[in-house]
Amino acid sequence: MNYFGLSDIGQRRSSNQDCFRIFNAKGFTCALVCDGMGGANGGNIASALTSAVFEAEFTELISICENHREALSKIDKIIERAIYKANYEVYRKSLHDISLTGMGTTFTSFITDGKEYITVNVGDSRTYFIPDIHECYDIRDVFMKKLTKDHSLVQSLIDSGTITEDDAAEHPKKNIIMRAIGVEESVEADIVHHELSKGLILLCSDGLSGYFDKDRSYLQILRDENTTLEEKAETLIEYANFNGGSDNITAVLVEI
């Protein structure tokens, strides 16, 4: 399994509050992206602390399982515990430093043991799946599939039928999220299991996904069979900056 990640400050921010990690833990590969919020300093701390604590807690809990079968049987509880720990540490830190009050971060993750994969999500950073074009028998399968559901105001309006998907792209409150790590004492993450199939996984912050509804050229970038994951990630960053670079931009690619 190949993977590569890249993050960029964008065109309009004074600091990069995004953070990503890719790590291996006793038979599992995990990639994650966090997009911090709460001021330049708070956002940086929230995203970095969340990614570090999640990796440490997940790795420790996996390591004490006697075998892979036990790890699989407990994987959801392990993820929940790692999310709980990360949320607790960010929330606790915000209470002890007035300059960090209200800080938090999104969280999206891809975890696999090579047989299936799991997506974990809090907030509006996203995980996508791009199927291998040679494995597609229906033209509808060729396009990129969003595996996570945003915890945002506009998503709640879509769910209620108040606005459409097209309306959401230009909604004035599209950046308001309803769930984040570190903002409250506890947080619930969406944990979804998926069947493993050949293709490409993309994890990204909204500094990249925010442009997907306006310009479809990103599909050509992701489907170019003559480029490496590093080249794809670099081109995705260029693509977001070319379209305005209004936020920090992070892209993590995993090739299955």
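Residues numbered from 1 in each chain as written. Predicted model: local features only at pLDDT ≥ 70, side-chain atom pairs only at ≥ 80, totals over all residues. Heavy atoms only, no water.

Asker: I'm lost on the overall build of the chain in this one. Help?
Answerer: Check the secondary structure of the chain and you find seven helices and 11 strands. Rg of the C-alpha trace for the chain: 18 Å, near the compact-globule value of 18 Å for 256 residues, within the 12% margin. In terms of principal-axis extent, the alpha carbons of the chain reach across some 50 × 45 × 35 Å. For the chain, the residues scored as buried account for 50% of the 256 residues in total. Considering only contacts within the chain whose residues lie at least 6 apart along the sequence, 71% involve residues at least 24 apart. As displayed, the chain has an accessible area near 12,600 Å², and 48% of this comes from carbon and sulfur atoms. (Helix = DSSP H or I, 4+ residues; strand = E, 2+ residues; numbered from the N terminus. Rg over C-alpha atoms; globule rule 2.2 N^0.38 Å. Buried < 20%, exposed > 50% of the residue type's maximum accessible area, 1.4 Å probe, protein only. Contact = heavy atoms within 4.5 Å. Areas by Shrake-Rupley, 256 points an atom, 1.4 Å probe, with all protein chains shown as cover.)

Asker: Quick question: what am I supposed to make of the layout of surface pockets here?
Answerer: It is a probe the size of a water molecule, rolled over the atoms, that shows where empty space is left. The calculated volume of the second largest pocket comes to roughly 300 Å³. What lines the second largest pocket is a set of 17 residues, and nearest its centre among them are D132, L200, L222, K232 and E255. Of all the elements in the fold, those that place two or more residues in the lining of the second largest pocket are β7 (126–131), β10 (199–204), α6 (218–223) and α7 (229–242). (1 Å grid on protein atoms, 1.4 Å probe; cavity = no way out; pocket = protein on both sides within 12 Å on 5 of 7 lines; lining within 4 Å. Points joined across faces, edges and corners; volume = space filled by probe spheres on them.)

Asker: What should I look at first to understand unusual backbone geometry in this one?
Answerer: One non-glycine residue with positive phi stands out, namely K26, at about 45 degrees. With respect to the helices and strands, K26 occurs in the loop between β2 (18–25) and β3 (28–37). Of the residues examined, K26 reaches a relative accessible area of 43% and is grouped as partly exposed.

Asker: Any chance you could explain the sheet that holds β10 here in plain terms?
Answerer: Within a sheet, adjacent strands bond to each other through the backbone by hydrogen bonds, running parallel or antiparallel. Taken together, five strands build an open sheet; the order of strands is β1-β11-β10-β7-β8 and the sheet is antiparallel. Each of the sheet's edge strands pairs with one partner strand only, and the pair in question is β1 (2–8) and β8 (145–146). As paired strands, β10 and strand β11 (residues 249–255) are joined by five bridges and run antiparallel to one another. Within β11, the position partnered with L200 by the bridge is E255. Where α7 meets the sheet, it contacts β1, β10 and β11, and its direction lies at approximately 25 degrees from that of β1. (Pairing = 2+ DSSP bridges. Axes fitted to C-alpha atoms, helices over the stretch in contact; angles between N-to-C directions.)

Asker: Mind showing me how you'd approach helix α2 (residues 68–95) here?
Answerer: Count 3.6 residues to each turn of an α-helix, and residues three or four apart come out pointing the same way. Compared with an ideal rise of 1.5 Å per residue, which puts 28 residues at 40 Å, α2 spans 38 Å between its outermost C-alpha atoms and is within 8% of the ideal. The largest bend along α2 measures about 60 degrees and falls at K74. Taken residue by residue, α2 has A71, I75, I78, I79, A82, I83, A86, N87, E89, V90 and S94 as its buried positions. (Expected span 1.5 Å × (residues − 1). Bend = angle between axes of the 7 residues up to and from the residue.)

Asker: Honestly, the pattern of salt bridges in this entry has me stumped. Any pointers?
Answerer: Side-chain pairs of opposite charge can arise whenever the charged atoms involved come near each other. A complete count under the given rule lists 10 salt bridges for this structure. Among the salt bridges present, the one from D132 reaches K198, with a minimum N-O distance of 3.7 Å. Residue D132 is found in the loop between β7 and β8, and its partner K198 is found in the loop between β9 (190–195) and β10; the two are separated by 66 residues along the sequence. Classification of D132 by relative accessible area gives buried; the value is 16%. (Salt bridge = Lys/Arg side-chain N within 4 Å of Asp/Glu carboxyl O.)

Asker: What exactly am I supposed to notice about the nonpolar core here?
Answerer: As a rule of thumb, soluble globular proteins bury nonpolar side chains together. Core analysis: the biggest nonpolar cluster contains 28 residues, and F54, F58, I79, I83, F107, I111 and V120 have the highest contact counts within it. Within the residue set of this core, elements represented by two or more residues are β2, β3, α1 (39–63), α2, β5 (107–112) and β6 (116–122). For this core, the element with the most residues is α2, which contributes seven residues. Leaving out residues up to four positions away in the same chain, I83 has contacts with F54, F107, V120, I181, V187 and A189. (Core = buried A, V, L, I, M, F, W, Y, C linked by side-chain atoms within 4.5 Å.)

Asker: I keep staring at α7 and nothing clicks. Help me out?
Answerer: End to end, α7 covers 20 Å across 14 residues, agreeing with the expected 20 Å (1.5 Å per residue, within 8%). Turning to α7, its buried residues are L229, K232, A233, L236, I237, Y239, A240 and N241. Buried residues along α7 sit in contact with β1, β10, α5 (206–209), α6 and β11. Among the residues trailing α7, G244 stands out with phi positive, at a value near 135 degrees.

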